[in-house]
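Descriptive analysis of the structure
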Amino acid sequence: MNHLTLSRFALATISVASAAAAHATTPAELLAGYGAQAGQAASAARGQQLFTTRHGREWSCSTCHGATPTGMGKHASTGKQIAPMAPAFNAERFSDAAKVEKWFRRNCNDVVARECSAGEKADVIAWLTTLRP
Amino acid sequence: MTHSNHDLWRTACAALVLAVGCASAAWAEDDHHKQAVPLLAQYKQECAACHVAFPPGLLPAASWQRLMNNLPRHFGTDASLDPATVKTVSSWLGVNAGTSKRAREVPPEDRITRSAWFIRKHDEVSAATWRLPALKSAANCAACHTGADQGDFNERNIRIPR
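Here goes a summary of the coordinates provided. For clarity, every value in this text was computed on a predicted model and none was experimentally measured.

Thresholds, definitions, all that
- Residues numbered from 1 in each chain as written.
- Chains lettered and ligands numbered in written order.
- Predicted model: local features only at pLDDT ≥ 70, side-chain atom pairs only at ≥ 80, totals over all residues.
- Helix = DSSP H or I, 4+ residues; strand = E, 2+ residues; numbered from the N terminus.
- Buried ≥ 20, exposed ≤ 12 C-beta atoms within 10 Å, placed from the backbone.
- Contact = placed C-beta atoms within 7 Å.
- Axes fitted to C-alpha atoms, helices over the stretch in contact; angles between N-to-C directions.
- Parallel < 35°, antiparallel > 145°, perpendicular 65-115°, else oblique.
- Nonpolar A, V, L, I, M, F, W, Y, C, P; charged D, E, K, R; others polar.
- Arc of directions from axis to C-beta.
- Left-handed = near helix turned anticlockwise from the far one by under 90°.

**Focus on the overall build of chain B**
Regarding its fold elements, chain B presents 6 helices and 0 strands. Scanning chain B from its N terminus toward the C terminus, one meets helices and strands in the order α-α-α-α-α-α. Here chain B, with 162 residues, has 15% of them falling under the buried criterion. Considering only contacts in chain B between residues 6 or more positions apart, those separated by 24 or more positions represent 59%.

**Observations regarding the overall build of chain A**
In terms of regular secondary structure, chain A is built from 6 helices and 2 strands. Order of helices (α) and strands (β) in chain A, N terminus to C terminus: α-α-α-α-β-β-α-α. The 133 residues of chain A split such that 27% are buried. Excluding contacts between residues fewer than 6 apart, the proportion of contacts in chain A whose partners are at least 24 apart in sequence is 61%.

**Section: the environment of D82(B)**
Of note, D82(B) is situated in the loop between α3 (61-68) and α4 (83-96). Here the alpha-carbon distance between D82(B) and W117(B), two residues 35 residues apart in the chain, equals 33 Å.

**Considerations on the packing of helix α3 (residues 44-52) of chain A against helix α6 (residues 118-130) of chain A**
Residue and element names in this part refer to chain A. The geometry of α3 relative to α6 is characterised by a closest axis approach of 7 Å and an angle of 100° between their N-to-C directions. What the angle tells us is that α3 and α6 run roughly perpendicular. Residues A44, R46, G47, Q48, L50 and F51 of α3 form the contact with α6, whose own contacting residues are E120, D123, V124, A126, W127 and T130. Residues of the contact of α3 with α6, tallied by class, amount to 6 nonpolar, 3 polar and 3 charged.

**Focus: the interface of chain A and chain B**
Facing the 9 residues of chain A at the interface are 13 residues of chain B. Along the lines of polarity and charge, the residues of the side of chain A that touches chain B split into no nonpolar, 5 polar and 4 charged.

**With respect to α3(A)**
Residues and elements named next belong to chain A. If you check which residues of α3 are buried, you get G47, Q48, L50 and F51. Around the axis of α3, the buried residues are gathered within 165° of arc, so they sit on the same side. Buried residues in α3 make contact with α4 (61-65) and α6.

**So, the packing of α3(B) against α4(B)**
Residues and elements named next belong to chain B. Two elements in contact, α3 and α4, have axes whose closest approach is 9 Å; the angle formed by their N-to-C orientations is 170°. On the basis of the axis angle, α3 is roughly antiparallel to α4. Like other packed secondary-structure pairs, α3 and α4 cross with a definite hand, here right-handed. Between α3, through A61, W64, Q65 and M68, and α4, the contact on the second element is made entirely by V86, V89, S90, L93 and G94. Each residue belonging to the contact of α3 with α4 can be placed in one class, and the counts come to 6 nonpolar, 3 polar and no charged.

Purely geometric numbers; function is a separate question.
Laid out in structure tokens, this is it:
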């Protein structure tokens, strides 16, 4: 393979790798995105309500993440420690769009027995971002 | 060499062989205490969020396959993953699954903690200890095994909480 082909190949590989890697984002960006999809203003109050109450099943979001998720949570089955959800207390939260979608998909299924709507996701993020030290 | 020196050497050699033999037997007993299989990065990332990253050798391939094919119904929760990741992790688990006589047993519900070897290994743990709030579940290895996150289950690194 000559030099030109090699560097083109390298560039292509890096691009693919970057695309496949974390979809870097911020809480504000995700909030805006979900809010736009929902076509309504996000509500932190609604978000807190959704997060802390049970929806006909055994667990609420708070069951593992805590009623005010600014500290360590604890998995309800395994006891494993879970880092804080509020982005002001954990800079990793809501920084990877794919990861956020994955966890909303799984955990809403567990808690609400369905997918959360874009509006609900916006509300939850809106509330979590109000939690400051 | 004189006759008596020769006897001395024979005795010494026999003692050495015996000592090494005993040591080997001890190692064989602790065969899952040997150097842990390095964990696939994706396995660690995707399968250690809710519980410790279980060493792949603790379950037979058939158990891993069933677990990976039923992630949306993973011991009571939705642990679903994108198909590409499922394929990669399943492959790795299949290759690194337990093949020792003890690990080949398929435990009930594919639960590590219901394997005969697990139960035997933990038979000194009292019922009261299992009920401690700090433990929560037999699957919470890290509650007592201080090196569980690094795949270290050595007896020397156990600390039972109160």
